[in-house]
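Residue-level structural notes
Residue-level listing of the chains:
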Amino acid sequence: MKYSTALLAAITATATSGTCAFQSAAITSSKRTTTTPPSIYPTNTALLAATLNDSVSTNTPTAATGGKRKKTKAERLELASKGLQVHVIGLSIHHAQVEVREKLAIPESEWNEQSALITSTGQVEEAAILSTCNRFEIYFAASDPHEANARVMEFLQERSGLPVSVLRRNIFMLEGDDAVWHLMRVAGGLDSLVVGEGQILSQVRQCHLHSIEEDGCGGKVLSRLLNNAVAAGKRVRSETAISKGSVSISSAAVELSEHMCMKDLNLPFSEARLAVVGAGTMTRLLITHLASRGLERIAIVNRSMPRPMELQEQFPDVDIEIVLEDGLWDVVGRSDIVYTATSSPDYVIDKALLEEHGQDGGRPLMLVDIAVPRNIGSDSGELDGVKPYNVDDLKAVVAKNTAMRQREMIEAENLLREEADSFIGWRESLSAIPTINQLQERANMFRTEELKKCTRKLSQNDN
């Protein structure tokens, strides 16, 4: 009796404290090899080669061919404790041309729908999509890396219509600790075109919120990872100076146009007539940075009135002229610099449209496109006087900002490593859950047996 009771106590103690014990051990033994620059990942070469082959789309079952059914959320939660590993496949401004990125761009309203499509065949247990102007990334968790990566590559092929050879030149693929570290750097703003920019943190947060919605495919592992990444991004920005100063794509666009104004337009930036096509978040940021440079008059072209009117209220010191989209070409004709930031999948301005509306007479005109998919056709630069720029042209502008933030990046990376280790430790502790459950079952079995023995003895004593 004493032996069983002691064993019961020991097992119960192990069961109740086992998670913390395993987590601590996992953190201590956590391995990381990603000490390389942000856009260089030397690991997983074999996995990449094995996945990106010509048979990637023929060996993978799909919903149309009677593949595995999509697992329920409860099943995905159960699988999270059975060795699910984190992966990321994607492309960003560091790896891929804008022509490729725009073929894969997914509106935020479709993130969950497309994530469900990825998990529909069963090879991928959890999935979450992050699609922004500068990156397209699919975070997913699976127990079989080869099948999961093949499924995601199949999805990329189907959506983009691009052959494997083109995708191979543009994508990156990471798994395990490398994938976790990548997301931490993304949320911290260290992988952004403009280091420390704050918009990406908001986008990662939206990715997390969508993943835990009723129709989301986040599951236990990915939702925890994304939540940790958001917390890490907030910590980096509050404990370092990484986000101080001009740290957004919008500010980089303003810097570019200011720098090139005299060269392209032979006009001081302060005297340029400005217009913005679109009235979303990017436009609000543009106006913020333009106003900080003393520019007080801006024309906004939009499909409807409500959003531009909100901007008028937010910037009472800026003279904002609101023009509906059918007045676009009148605004272009009297502007020196036109910024475009719409969600339109088609070109808003290109060579043919400029010629059609009489804007091919050689008048100097700067077009700055900060949208993905692009709003401005590159062929517009074939016209005399027209100078188009897109997000890829911002790299040179932000190079000096990156150099200035090197010291802050080092401090930020130290904080991010702590947050990454925390998640990795938790993730590795999940492997102990089946053992803990077994211990608890054994403890309950011993308790039941001992209770029966005591009951029989008490019954005999009563007799």
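Description of the structure in this document. Bear in mind the structure is a predicted one, so any value in this text is a computation, not a measurement.

1. So, the pattern of salt bridges
A full pass over the atoms with the stated rule returns 19 salt bridges. The salt bridge involving Glu-99 is made with Arg-374; its shortest N-O contact spans 3.7 Å. You can see Glu-99 sitting in helix α4 (residues 98–104) and its partner Arg-374 sitting in the loop between β9 (365–369) and β10 (386–389), a full 275 residues away along the chain. The exposure class assigned to Glu-99 is partly exposed, which follows from its relative accessible area of 37%. The class for Arg-374 is buried, based on a relative accessible area of 6%.

2. Section: the sheet that holds strand β3 (residues 135–142)
Read across the open sheet, the four strands follow the order β2-β3-β1-β4; overall the sheet is antiparallel. Here the strands that pair on one side only, and so sit at the sheet edges, are β2 (126–131) and β4 (172–175). Averaged over all neighbouring strand pairs, the angle between strand axes comes to 15 degrees, with direction disregarded. Taken together, the eight bridges between strand β1 (residues 85–92) and β3 define a ladder with antiparallel strand orientation. In the sheet register, Val-86 faces β3, and the bridge partner there is Ala-141. Contacts from helix α6 (residues 145–160) reach β1, β3 and β4, with the element oriented near 150 degrees to β3. Sheet contacts for helix α10 (residues 219–239): β1, β2 and β3; angle to β2, the most-contacted strand, approximately 35 degrees.

3. Focus on the pairing of strand β6 (residues 297–302)
Put simply, side chains in a regular strand alternate between the two faces of the sheet. Across the six residues that make up β6, a large majority, five, are buried. Alignment of strand β5 (residues 274–277) against β6, held across four bridges, turns out to be parallel. Across the sheet, the residue bridging to Val-277 is Val-301, located in β6. On the question of chirality, the crossover connecting β5 to the parallel β6 by way of helix α12 (residues 281–292) is right-handed. Note on the crossover from β6 through helix α13 (residues 306–314) to strand β7 (residues 319–324): the handedness is right-handed.

4. Observations concerning the packing of aromatic side chains
Overall, the coordinates contain one aromatic pair when judged by the stated rule. Just above the ring of Trp-181 sits the side chain of Arg-417; from NZ or CZ to the centre is 4.4 Å.

5. Points about the nonpolar core
Ranked by size, the top nonpolar core spans 65 residues in total, and within it Phe-136, Ile-138, Leu-156, Met-184 and Val-204 carry the most contacts. When neighbours within four sequence positions are excluded, Leu-156 is seen to be in contact with Ile-89, Leu-104, Phe-136, Ile-138, Gly-161 and Leu-167. Residues Ala-253, Ile-370, Val-391 and Leu-394 belong to the second largest nonpolar core, which totals 40 residues.

6. Digging into the packing of helix α8 (residues 177–187) against α10
At a minimum axis separation of 8 Å, α8 and α10 run at an interaxial angle of 45 degrees. Compared by their axis directions, α8 and α10 come out oblique. Crossing geometry of α8 relative to α10 is assigned as right-handed. Between α8, through Val-180, Leu-183, Met-184 and Ala-187, and α10, the contact on the second element is made entirely by Leu-225, Leu-226, Asn-228, Ala-229, Ala-232, Gly-233 and Arg-237. The residue makeup of the contact of α8 with α10, split by class, is eight nonpolar, two polar and one charged.

7. Considering the sheet that holds strand β8 (residues 337–340)
An order of β7-β6-β5-β8-β9-β10 is seen for the six strands of this open sheet, with the pairing classed as parallel. Unpaired on one side and paired on the other, β7 and β10 mark the two borders of the sheet. Strand after strand, the sheet turns through a mean of 20 degrees between neighbouring axes, direction not considered. Both β9 and β10 contribute to a ladder of four bridges, which runs parallel.

8. Considerations on the environment of Arg-273
Among the structural elements, Arg-273 can be located in the loop between α11 (249–265) and β5. When the C-alpha atoms of Arg-273 and Val-332 are compared, they prove to be 9.9 Å apart, with 59 residues separating the residues in sequence. Once residues lying within four places of it in the same chain are set aside, the contact partners of Arg-273 are Arg-334, Ser-335, Asp-336, Ile-337 and Arg-363. A polar contact of 3.3 Å, which involves the side chain of Arg-273, links it to the backbone oxygen of Arg-334.

9. Some points on the environment of Val-221
Within the secondary structure, Val-221 is located in helix α10. Sequence separation of Val-221 and Arg-427 is 206 residues, and the distance between their C-alpha atoms is 7.4 Å.

10. Quick word on helix α9 (residues 199–211)
Helix length check: α9, at 13 residues, gives a terminal C-alpha distance of 19 Å against a target of 18 Å (1.5 Å per residue), a fit within 8%. Every buried residue belonging to α9 is among Ile-200, Leu-201, Gln-203, Val-204, Cys-207, His-208, His-210 and Ser-211, and all of these are buried.

11. A closer look at α11
The terminal C-alpha atoms of α11, which comprises 17 residues, lie 22 Å apart, in line with the 24 Å expected from a rise of 1.5 Å per residue. The buried fraction of α11 is high, at 13 of 17 residues. Count one or two residues on from α11 and you reach Asn-266, which has phi positive near 55 degrees.

12. Quick look at unusual backbone geometry
Of note, the amide linkage connecting Val-372 to Pro-373 takes the cis form, showing an omega dihedral of 0 degrees. By secondary structure assignment, the location of Pro-373 is in the loop between β9 and β10.

The rules behind the values
- Residues numbered from 1 in each chain as written.
- Predicted model: local features only at pLDDT ≥ 70, side-chain atom pairs only at ≥ 80, totals over all residues.
- Heavy atoms only, no water.
- Salt bridge = Lys/Arg side-chain N within 4 Å of Asp/Glu carboxyl O.
- Helix = DSSP H or I, 4+ residues; strand = E, 2+ residues; numbered from the N terminus.
- Buried < 20%, exposed > 50% of the residue type's maximum accessible area, 1.4 Å probe, protein only.
- Pairing = 2+ DSSP bridges.
- Axes fitted to C-alpha atoms, helices over the stretch in contact; angles between N-to-C directions.
- Contact = heavy atoms within 4.5 Å.
- Right-handed = clockwise from strand over helix to strand, strands pointing away.
- Phe/Tyr/Trp six-rings, centres within 6.5 Å; stacked < 30°, edge-to-face > 60°.
- Lys NZ or Arg CZ within 6 Å of the ring centre and 35° of its normal.
- Core = buried A, V, L, I, M, F, W, Y, C linked by side-chain atoms within 4.5 Å.
- Parallel < 35°, antiparallel > 145°, perpendicular 65-115°, else oblique.
- Left-handed = near helix turned anticlockwise from the far one by under 90°.
- Nonpolar A, V, L, I, M, F, W, Y, C, P; charged D, E, K, R; others polar.
- Polar contact = N/O pair within 3.5 Å; in protein donor to acceptor, adjacent residues only side chain to side chain.
- Expected span 1.5 Å × (residues − 1).

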